[in-house]
Amino acid sequence: MELKNKRLLQTETFIDNKFSKSTDKSAFEVTNPANGKVICTVANATEKDTYRAISAANKAFINWSTTSVLERSKLLRRWYELIVENKEDLAFILTTEQGKPLGEALGEINYAASFVEWFAEECKRTYGETIPSSNNAKRLKTIKQPIGVVAAITPWNFPTAMITRKVAPAIAAGCTVVLKPAEDTPLSALALAKLALEAGIPKGVLNILPTTNYKEIGEILTTHPDIAKVSFTGSTAVGRLLMRQSATTLKKLSLELGGNAPCIIFDDAEMDNAVKGAMATKYRNAGQTCVCANRILVQKSIYSKFMKKYAEAVEALKVGDGTKKNITIGPLINQEAIDKVNNLLKDATEKGAKILLGGGKHKAGKLFFQPTIITHCSSKMQLSKEEIFGPVSSIFIFETEEEAIEMANDTEYGLAAYFFSTNINRIIRVSEQLQYGIIGINDGIISTAEAPFGGIKQSGFGKEGSFYGIEEYQITKYICTGNL
Ligand code: SIN
């Protein structure tokens, strides 16, 4: 791998500020989804390594939880600066192991860094309260304290940003962390660890376990009595399992789970902006985000006009190896992802949907899928119920606003929803009636460090980013001083 800063390519577990082989010396291969080539092998953390990491984090918590907020802030700020200084290399590592085009990878590194910067500031402002007492002889107050050792389990689709979105607020709050990154993308996580080390984050505060033993290690992280909090981003099925496992020791949980985002195009939408916004939410990361538009609902009266412009924009996408110039769609992460998209398209076409564009594998390679538009979709089809996680726009038609809202809410998920309209009354009505944790109005890109990201219903609970993000890693302690 061609890197300016070669130190960023780390391939071993990171425990107590040391990179080391796994206890049984086993390793696993990390491959480039664009060409199937092995990038390198990475130490495969074991159960023993997990216990070591928890013990290191637990020991480090004693000091870290009592460092001043200024000290934590300075160290996080230094980590942020190092991420920004190394952003080109970090983006290259990300694209090589995950596949997204370099421009998008660079965007993710900036996005990831912004969480570190945000929480470096936010930790100075986690205020408690003074509560007026009903009894004159008492004084009541609350203080915020770090919850303890945090287990973070992160996905492959944003291998850098989903880490900083959890780790930065945890460390800022005074917690220590044991992180299990996705096995497809451990290199981005380990590069972040190297920079945290160089930033001076003390030993045991951040520990990273690259592994393919995710079931065993996931079970330890969710049942170990020394872990106080689990933060997970991934599927609803795995979220439910982790929640069940965490119940035995009553851990605090943040679960950022699956989505099924509707994107509604009303007849009063500004057409070019609607096309641009729908494209951005649908085809970002080749359709592999939890907040991707999974269903595009178009009002009948503007259907032909919208579809003509939308199809032109989709046809202009450039599929290929993300490290090459001008590429806008990279590969999917693995063969299961390709199989899933194929199966959803098969089910939909058997139930009456029509392929307008694409519909199959792309000639760029084994894991590339053609940017696809499928029309005449209905609620009978599987793609209306589950995340497509691929570059496929499924188009549904509606006639009235009430129908659009009913269709949009007809899902067990509730992460993000989008709509395009220039009618202010409709904007207020619809944003209040959509049953989602995040609403994008006339905009396809809603994620940012200063706003709360998180879902409702079967998309989970807990907020990431914003001032809410740090509270997830704190307890509120009530202190009563009496007999004054
Ligand atoms: C996700 O897909 O889980 C995160 C997407 C984002 O932060 O925008």
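Reference entry: report on the structure contained in this document. Only a predicted model underlies this, so the values are computations on that prediction, with no experimental measurement involved.

## Description of the overall build of the protein
Assigned secondary structure in the protein consists of 14 helices and 22 strands. The C-alpha radius of gyration of the protein comes to 23 Å, within 12% of the 23 Å expected for a compact globule of 484 residues. Along the first, second and third principal axes, the C-alpha set of the protein runs to 70 × 60 × 40 Å. The burial tally for the protein puts 57% of its 484 residues in the buried class. Put simply, of all contacts in the protein between residues at least 6 apart along the chain, 73% involve residues at least 24 apart.

## Describing unusual backbone geometry
The backbone of D16 shows a phi angle near 55 degrees, a positive value even though the residue is not glycine. Inspection of the secondary structure assignment puts D16 in the loop between β1 (13-15) and β2 (18-20). Given a relative accessible area of 24%, D16 falls into the partly exposed group. Of note, L250 is a non-glycine position whose phi angle comes to about 45 degrees, a positive value. Among the structural elements, L250 can be located in the loop between α8 (236-246) and β11 (252-256).

## Section: the packing of aromatic side chains
Within the structure shown, the criterion is met by seven aromatic pairs. On the basis of an interplanar angle of 85 degrees and a centroid distance of 5.9 Å, the ring pair of W156 and F389 is categorised as edge-to-face. Here F389 lies in the loop between β15 (372-375) and β16 (392-398) and W156 lies in the loop between β7 (149-153) and α5 (161-173), a separation of 233 residues in the sequence. What makes F389 buried here is its relative accessible area of 15%.

## Quick word on the side chain of T160
If you trace the backbone, T160 turns up in the loop between β7 and α5. Leave out the neighbours within four places in its chain, and T160 touches L94, E108, I109, A112, S188 and L192.

## Regarding α8
The complete set of buried residues in α8 reads T236, G239, L242, Q245 and S246. Taken together, the buried residues of α8 touch β7, α7 (214-223), β10 (227-233), β11 and β17 (413-414).

## Re the site of the ligand
Taken together, the neighbourhood of the ligand is formed by Y111, N157, F158, M162, R165, E256, R284, T289, C290, V291, S447 and F453. A distance of 2.7 Å separates an oxygen atom of the ligand from a polar side-chain atom of Y111. The cavity that encloses the ligand is the largest cavity. Looking at the shell around the ligand, its residues break down into six nonpolar, three polar and three charged.

## Comments concerning the sheet that holds β15
Pairing within the open sheet is mixed, and its seven strands lie in the order β14-β15-β16-β13-β12-β18-β19. Looking at strand neighbours, the two that pair on one side only are β14 (354-357) and β19 (438-441), the edges of this open sheet. On average, each strand axis in the sheet is tilted by 25 degrees relative to the strand beside it, whichever way the strands run. Taken together, the four bridges between strand β13 (residues 293-299) and β16 define a ladder with parallel strand orientation. Looking across to β16, one finds that Q299 is bridged to F398. Contacts from helix α10 (residues 303-315) reach β12 (261-265), β13, β14, β15 and β16, with the element oriented near 160 degrees to β15. Sheet strands in contact with helix α11 (residues 335-350) are β14, β15 and β16, and its direction is about 25 degrees off that of β15.

Parameters at a glance
Here, residues in each chain are numbered from 1, in the same order as that chain's written sequence. The model is predicted, so local features are restricted to residues of pLDDT at least 70 and side-chain atom pairs to those at 80 or more, both for listing and for counting; the totals for chains, interfaces and linings are taken over all residues. Excluding hydrogens and water, the side-chain values take into account all heavy atoms of the structure. Counting from the N terminus, the helices are the DSSP runs of H or I reaching at least four residues and the strands are the DSSP runs of E reaching at least two. As a reference, a globule follows 2.2 Å times the number of residues to the power 0.38, and the radius of gyration itself is taken over C-alpha atoms. Using a 1.4 Å probe on the protein chains alone, a residue whose accessible area is under 20% of its type maximum counts as buried, one over 50% counts as exposed, and one in between counts as partly exposed. Note on definitions: a residue-residue contact is assigned when non-hydrogen atoms from the two residues lie within 4.5 Å. Here a pair means two rings of Phe, Tyr or Trp (six-membered ring of Trp) with centres within 6.5 Å. Their orientation is stacked below 30 degrees between planes, edge-to-face above 60, and tilted elsewhere. If a single non-hydrogen atom of a residue is within 4 Å of a molecule or strand, that residue counts as near it. For this analysis, a polar contact is any N or O atom pair within 3.5 Å, provided that within protein one partner can donate a hydrogen and the other can accept it, and provided that sequence-adjacent residues contribute only side-chain to side-chain pairs. Cavities and pockets were defined on a 1 Å grid built from protein atoms only: a cavity is a group of points that admits a 1.4 Å probe but offers it no way out, a pocket is an open group of points flanked by protein on both sides within 12 Å along at least five of seven lines, and a lining residue is one with an atom within 4 Å of any such point. Any molecule with more than half of its atoms within 2 Å of a cavity's or pocket's grid points is counted as sitting in it. In this count, Pro and Cys sit with the nonpolar residues alongside Ala, Val, Leu, Ile, Met, Phe, Trp and Tyr, while Asp, Glu, Lys and Arg are called charged and the others, Gly among them, polar. Only strands joined by at least two bridges in the DSSP assignment are considered to pair. The axes are straight lines fitted to the C-alpha atoms, using for helices just the contacting stretch, and the angles between their N-to-C directions are given from 0 to 180°.

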